[in-house]
Amino acid sequence: MRVLVVSGFLGAGKTTFIQELARRTGRDFVVYENEYGQADIDAKVLSQTDELSVWESTENCICCSGRQDFAASVPTIANTLDPEYLVVEPTGVARLSSVLDNVDQVSYERISLLQPLVIVDAVAWERQRERFGDIYLDQVATAPVVVLSKVQHAGAGQVEAARAWVAEKNPDARIVDVPYDELPDEWFVELLERDLDPGCAAVPATTGGAAAEDEFESLSLAGISLPTENHLLWFLDALVAGVFGEVVRAKGSLPCGGQWLRFDVVDRAWSVTGAEPPEDGEKGALGVFIGPEVRRPWLRETLLPLVRDAVAAGRADAGEDDSLDYRGAHHHDHHGHDHHHD
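Residues numbered from 1 in each chain as written. Predicted model: local features only at pLDDT ≥ 70, side-chain atom pairs only at ≥ 80, totals over all residues. Heavy atoms only, no water.

### Details of the sheet that holds strand β14 (residues 286–291)
Turning to step 1, where the next piece is worked out: The strand order across the open sheet built from five strands is β9-β14-β11-β12-β13, with neighbouring strands paired in antiparallel fashion. With partners counted over all chains shown, the strands left at the sheet margins are β9 (217–222) and β13 (269–274), one partner each. Adjacent strand axes in the sheet meet at a mean angle of 15° when their direction is disregarded.
Turning to step 2, where the next piece is worked out: Bridge count between strand β12 (residues 259–266) and β13: six bridges; the pairing is antiparallel. Counterpart to L261 in the pairing with β13 is G274. (Pairing = 2+ DSSP bridges. Helix = DSSP H or I, 4+ residues; strand = E, 2+ residues; numbered from the N terminus. Axes fitted to C-alpha atoms, helices over the stretch in contact; angles between N-to-C directions.)

### So, the side chain of K14
Turning to step 1, where the next piece is worked out: The residue K14 is located in helix α1 (residues 14–25) in this model.
Turning to step 2, where the next piece is worked out: Of the buried charged residues, K14 lacks a salt bridge, with E89 as the closest side chain of opposite charge at 4.5 Å. (Buried < 20%, exposed > 50% of the residue type's maximum accessible area, 1.4 Å probe, protein only. Lys, Arg positive; Asp, Glu negative; His and termini not counted. Salt bridge = Lys/Arg side-chain N within 4 Å of Asp/Glu carboxyl O.)

### A few points about the confidence of the model for the protein
Turning to step 1, where the next piece is worked out: On average, residues of the protein score 80 in pLDDT, and 74% of them are at 70 or above.
Turning to step 2, where the next piece is worked out: When mean pLDDT is compared element by element in the protein, strand β7 (residues 145–149) scores highest at 97, while helix α12 (residues 327–331) scores lowest at 40.
Turning to step 3, where the next piece is worked out: Confidence drops under a pLDDT of 50 for residues 326–342, and excluding neighbours within four residues, the segment shows 37 contacts in the predicted structure. (pLDDT = per-residue confidence, 0-100. Contact = heavy atoms within 4.5 Å.)

### Some points on the environment of F132
Turning to step 1, where the next piece is worked out: One can find F132 in the loop between α5 (125–131) and α6 (133–142).
Turning to step 2, where the next piece is worked out: Judged by relative accessible area, which is 6%, F132 ranks as buried.
Turning to step 3, where the next piece is worked out: Along the primary structure F132 and P292 are separated by 160 residues, whereas in three dimensions their C-alpha atoms are 10.0 Å apart.
Turning to step 4, where the next piece is worked out: With residues up to four places along the chain from it excluded, the contact list for F132 reads F9, F216, E246, V248 and P292.

### Thoughts on the pairing of β14
Turning to step 1, where the next piece is worked out: The element β14 is extensively covered by neighbouring structure, given that six of its six residues are classed as buried.
Turning to step 2, where the next piece is worked out: On β14, burial covers both faces: L286, V288 and I290 on one face and G287, F289 and G291 on the other are all buried.
Turning to step 3, where the next piece is worked out: Across six bridges, β9 lies against β14 in antiparallel orientation. Following the sheet pairing, E217 is matched in β14 by G291.
Turning to step 4, where the next piece is worked out: Here strand β11 (residues 249–256) runs beside β14; their pairing, made up of five bridges, is antiparallel.

### Thoughts on the packing of aromatic side chains
Any aromatic ring pair is given by two values, namely how distant the centres are and how the planes are angled relative to each other.
Turning to step 1, where the next piece is worked out: Counting across every chain of the model gives 14 aromatic pairs.
Turning to step 2, where the next piece is worked out: Between F9 and Y136 the ring centres are 5.7 Å apart and the planes differ by 55°, which places this aromatic pair in the tilted class. Of this pair, F9 sits in the loop between β1 (2–8) and α1 while Y136 sits in helix α6, and the two are 127 residues apart along the sequence. Here the two residues F9 and Y136 agree in accessibility, since each one is buried.
Turning to step 3, where the next piece is worked out: Measuring from ring centre to ring centre gives 5.4 Å for F17 and Y180, while their planes differ by 75°; the resulting arrangement is edge-to-face. In this pair, F17 sits in helix α1 while Y180 sits in the loop between β8 (174–176) and α8 (185–191), placing the two residues 163 residues apart along the sequence.
Turning to step 4, where the next piece is worked out: Classification of F17 as buried rests on a relative accessible area of 0%. (Phe/Tyr/Trp six-rings, centres within 6.5 Å; stacked < 30°, edge-to-face > 60°.)

See the structure below:
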């Protein structure tokens, strides 16, 4: 079994890349999906890809506190499922150098490590690097292959600036800065053929400090809903404006009135698309929010009907306005915020 680690910061596009890798190569994959917090949103997306089987781990980040679970899971996958390839998707806050060390601990003649890659968001990389420099630098400096994602959405000079910064921090990296659909199938196949030379990965110049997962918290909410699509749009504007804390990644799906919608938040940009109702009905509504500061009570009050109704009733008893109104946050927002509706 050959192991490919696909790293990248929160929202960089790791899951999308893995889907494309499976589609282009048609190989026998198992994906080790290390979700942050108790949310299996990306695992559900991956499981819909015909070529993929998904092994979920939502307890801890595999670069630090979850390394023992990871070390036990890799041989189990090799011995029970026996796939040709294991694709490991760590959490967006995992240090790639630590993940590789942990994989190396379980490598033997039947398990080998391929050259890992890191996905870098060509739109949000600069703000993310400035705010979370140690994690970002570790991922970029460690990976022999760096793929710039979302280049088709980048502004003037963003891709060139990202490429130049990556080249400075990791001069030996192979950098890819074109949309996935412009890459030939052979490029994806080659990723599955390059074994990692222990001496070829760069040494990350981090400053140490606390484990990556200790810098972040996450909140997963099941059964969320909002009255209308406009309420969702107001909520997302408020979220990226910082009303609900410093949330750098959020995603989920929920009913809004008579329709289901999926939302996705990366850094200061958000998108909304239509979604199919889940098989388990409104119980399948789920949202996850990740960042250095997550205002949990406010998110519960906004998104959970039981909490929202109880708070509204209390306000009504006190003679206050009990309507859901995020428009205050909406109006004082956001010069420089990137909103896009898909």
